[in-house]
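Close look at the chain arrangement
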Amino acid sequence: QVHLEESGGGLVQAGGSLRLSCTASGDIFKVNDIAWYRQAPENERDLVATIARDGSTNYADSVKGRFTISRDNAKNMLYLQMNSLAPEDTATYYCNADVQVNRSYGFNYWGQGTQVTVSS
């Protein structure tokens, strides 16, 4: 079993910053691509940013220049530094990871989410 746990969410004023973390634990051989998604009430879950194992990144246009995704492969951790937050960033943020449990098999996992609320 693999478990993803997010942390770092909270309430922040517009213009402020938050840093989200995601810890992967369990029967992990290797963590491959990892991503942050977010979902606001009554909206679909949208991709925020992705990072490959080699460190290459992609961002949604709405967060480019404000959010930075990073990872620590040795610790199986994922981060999302969020700056210049705006009310429209309010959502539940989810960690998603492609995890190899051995050399042959891999699965996709989701965390439970962490709430980010940005007040105007």
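Up top you'll find the structure we're talking about.
Here is a short report on the structure shown in this document. Within each chain, residues carry numbers counting from 1 in the order of the written sequence. Two thresholds apply to this predicted model, a pLDDT of at least 70 for residue-level local features and 80 or more for giving and counting side-chain atom pairs, whereas whole-chain, interface and lining totals are computed over all residues. Only hydrogens and water are removed before side-chain values are computed, so all heavy atoms of the structure are retained for them.

The next point concerns the pairing of strand β4 (residues 30-39). By the convention used here, strands pair only if DSSP detects at least 2 bridges between them. Every helix listed is a DSSP run of H or I at least four residues long, and every strand listed is a run of E at least two residues long, numbered separately from the N terminus. Examined bridge by bridge, β4 and strand β9 (residues 91-100) share 8 bridges and lie antiparallel to one another. Within the sheet, the bridge partner assigned to tryptophan 36 lies in β9 and is cysteine 95. Pairing of β4 with strand β5 (residues 46-51) involves 5 bridges; the strand directions are antiparallel. Paired with arginine 38 across the strands is aspartate 46, a residue of β5. The antiparallel hairpin formed by β4 and β5 contains 6 residues in its connecting segment, where glutamate 42 sits at a positive phi of about 65°.

Points on a 1 Å grid, built from protein atoms alone, make a cavity when a 1.4 Å probe fits but cannot get out and make a pocket when they are open with protein on both sides within 12 Å along at least 5 of 7 lines; residues with an atom within 4 Å of a point are the lining residues. Grid points are joined across faces, edges and corners, and a volume is the space filled by probe spheres set on the points. As enumerated under the stated definition, the model contains 1 cavity of 30 Å³ or more in all. Around the largest cavity, the lining residues are Leu4, Cys22, Ala24, Val31, Ile34, Asn76, Met77, Leu78, Cys95 and Ala97. Listed by contribution, the elements that provide at least two residues to the lining of the largest cavity are β3 (18-26), β4, β8 (77-82) and β9. For this scheme, ten residues count as nonpolar: Ala, Val, Leu, Ile, Met, Phe, Trp, Tyr, Cys and Pro. Four count as charged, namely Asp, Glu, Lys and Arg, and the remainder, Gly too, count as polar. The residue makeup of the lining of the largest cavity, split by class, is 9 nonpolar, 1 polar and no charged.

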